[in-house]
Amino acid sequence: MIIIMNKDATREQIDNVEHKLSELGFKTHPIFGEVKTVIGAIGDKRHLNPQLISIMPGVENIVPIMKPFKLASRELKQISSIVEIGDVKIGGNEIVVMAGPCAIENESNFVETAIRVKEAGAKIIRGGAFKPRTSPYAFQGLEEDGLKIMASAREATGLKLVTEVVDTRDVELVASYADILQIGARNMQNFRLLQEAGLSKKPVLLKRGLAATIEEWLMAAEYIMAAGNPNIILCERGIRTYETATRNTLDLSAIPVIKELSHLPIIVDPSHAAGTWKYVGPLAKGAVATGADGLIIEVHLDPPNAFSDGPQSLRPDKFAELMNELKPMASAVGRII
Ligand code: PEP
Ligand code: MN
């Protein structure tokens, strides 16, 4: 439910409405707009007679939120959210690029990759320290040693860090190193993990599940938001379809759909969608053209010898070339990269 306060409502009136709602067992989420304040109230509607609230001083109107996702919904918040990671802003005019290897392998390669992707224009370095692999026998990541390597790459370059957390027990540890917590496709509906990430103060990059509908994905975001963390970046990374020519099928239609349904920023991972480095560029361009707020791209110094996802990784020079090609694409849609 959304309580729309009238434009002259005082802070005290807003506080009183929030207080009343929390007495009735509702969680409140005020959004202070330029003209009006609206209060999102999430809870069991059966405990509420809306008239009770509608007659409170300062209240203009009460509107139900029709979608099953509430805090993530554009019904609640019409202005697009911008997730700030220090001076890097995701969801504004700039298309933010995150790049780096699938997995952190060793310090010198990772730091060199960070320097190369930064030179090409990336703002955030990616890399997995905890790797959820299809095979239990495949490389599982360097764990905390990998996080330490990431931190030294941040030191060397000033780039922000995004890395995946796969277990509730590691959220605190990963959050102590990372600037953004990544929740991977395989964990999109790991509800305990979502709640734990919701308790963290770090922004969360929430990848779409391999076979998740857009609604299920937004419900996953809702779990994080309901636990108290509004800083979510959605990431479309391809879904499982009958097509086998690519690793996954990149659902670019998710971008305008998400933009309509939600105020959250959305980025695209063309690497895991393509599965092959050759298709990464065209998919990245498509993502920019359809309104993505950012990209996350796998880059490796020596793809044939990568510990994971080598076939879909770009070499740094190819990545730099792609970044240049994306500039006119971004400006054609009124954005910068
Ligand atoms: C990754 O980013 O390396 C990864 C494992 O991605 P996804 O969860 O999208 O498969
Ligand atoms: Mn990968």
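The coordinates are above.
Quick caveat, the model's predicted, so the values are computed rather than measured. (Residues numbered from 1 in each chain as written. Chains lettered and ligands numbered in written order. Predicted model: local features only at pLDDT ≥ 70, side-chain atom pairs only at ≥ 80, totals over all residues. Heavy atoms only, no water.)

Structural notes on the pairing of strand β12 (residues 232-236)
Part 1: Summarising burial for β12: five of the five residues are buried, a large majority.
Part 2: Burial of the side chains of β12 extends over both faces: Ile232, Leu234 and Glu236 are buried on one face and Ile233 and Cys235 on the other.
Part 3: As defined by bridge partners, strand β11 (residues 204-207) adjoins β12 across four bridges and the pair is classed as parallel. When the bridges of β12 are listed, valine 204 appears paired with isoleucine 232.
Part 4: With respect to chirality, the unit in which β11 leads through helix α7 (residues 214-226) into the neighbouring parallel β12 is right-handed.
Part 5: Relative to strand β13 (residues 266-268), β12 runs parallel, the two being bridged by three bridges. Note on β13: the bridge partner recorded for cysteine 235 is isoleucine 267. (Buried < 20%, exposed > 50% of the residue type's maximum accessible area, 1.4 Å probe, protein only. Helix = DSSP H or I, 4+ residues; strand = E, 2+ residues; numbered from the N terminus. Pairing = 2+ DSSP bridges. Right-handed = clockwise from strand over helix to strand, strands pointing away.)

With respect to the sheet that holds strand β3 (residues 37-42)
Part 1: With antiparallel pairing, the four strands of this open sheet are ordered in space as β2-β3-β1-β4. Of all the strands in the sheet, the pair left with one neighbour each is β2 (27-32) and β4 (59-63). Between one strand axis and the next, the sheet turns through 20° on average, direction left out of account.
Part 2: In this structure, strand β1 (residues 2-5) lies alongside β3, joined through three bridges in antiparallel fashion. Among the inter-strand pairings, isoleucine 4 is bridged to a residue of β3, identified as valine 38. (Axes fitted to C-alpha atoms, helices over the stretch in contact; angles between N-to-C directions.)

Some thoughts on the packing of aromatic side chains
Part 1: All told, the structure shown has two aromatic pairs when counted by the stated rule.
Part 2: Residues phenylalanine 139 and phenylalanine 307 carry aromatic rings whose centres are separated by 4.9 Å and whose planes lie at 80° to one another, so their mutual orientation is edge-to-face. Linking phenylalanine 139 in the loop between β8 (124-126) and α4 (144-157) with phenylalanine 307 in the loop between β14 (294-298) and α11 (316-332), this pair joins segments that are 168 residues apart in sequence.
Part 3: Judged by its relative accessible area of 44%, phenylalanine 307 is partly exposed. (Phe/Tyr/Trp six-rings, centres within 6.5 Å; stacked < 30°, edge-to-face > 60°.)

Quick word on the nonpolar core
Part 1: One finds Leu206, Trp217, Leu234, Leu295 and Phe319 to be the most contacted residues of the largest nonpolar core, which totals 74 residues.
Part 2: When residues of this core are assigned to their parent elements, the largest contribution, seven residues, is made by α7.
Part 3: There are two domains that each give this core at least three residues, and those are domain 1 (2-63) and domain 2 (83-332).
Part 4: For phenylalanine 319, the contacting residues outside a window of four places in its chain are Val97, Ala99, Val117, Ala120, Ala122, Ile297, Val299 and Leu314.
Part 5: Ranked by size, the runner-up nonpolar core spans 15 residues in total, among them Met1, Met5, Leu21 and Val59. (Core = buried A, V, L, I, M, F, W, Y, C linked by side-chain atoms within 4.5 Å. Domains from an automatic or database assignment. Contact = heavy atoms within 4.5 Å.)

Brief notes about helix α1 (residues 11-23)
Part 1: Relative to the 18 Å expected for 13 residues at 1.5 Å per residue, α1 spans 18 Å between its end C-alpha atoms, a close match to the ideal helical length.
Part 2: Three or more residues of α1 are buried, namely Ile14, Val17, Glu18 and Leu21. Down the axis of α1, the sector holding all buried residues measures 95°, keeping them to one side. Away from its buried face by more than 90 degrees, α1 exposes Glu12 and Glu23.
Part 3: Buried residues belonging to α1 abut β1, β2, β3, α2 (50-54) and β4.
Part 4: Just beyond α1, the residue with positive phi is glycine 25, at close to 90°. (Expected span 1.5 Å × (residues − 1). Arc of directions from axis to C-beta.)

Here we look at the pattern of salt bridges
Part 1: Using the criterion set out here, one finds 18 salt bridges in the structure.
Part 2: A salt bridge links arginine 11 to aspartate 15; the nearest nitrogen and oxygen atoms lie 3.3 Å apart. Taken together, the positions of arginine 11 and aspartate 15, both in helix α1 and four residues apart, correspond to about one turn of that helix.
Part 3: A salt bridge links arginine 247 to aspartate 309, with the shortest nitrogen-to-oxygen separation between them at 3.1 Å. In this pair, arginine 247 sits in the loop between β12 and α8 (254-261) while aspartate 309 sits in the loop between β14 and α11, placing the two residues 62 residues apart along the sequence.
Part 4: Among the residues examined, aspartate 309 registers a relative accessible area of 17% and is labelled buried. (Salt bridge = Lys/Arg side-chain N within 4 Å of Asp/Glu carboxyl O.)

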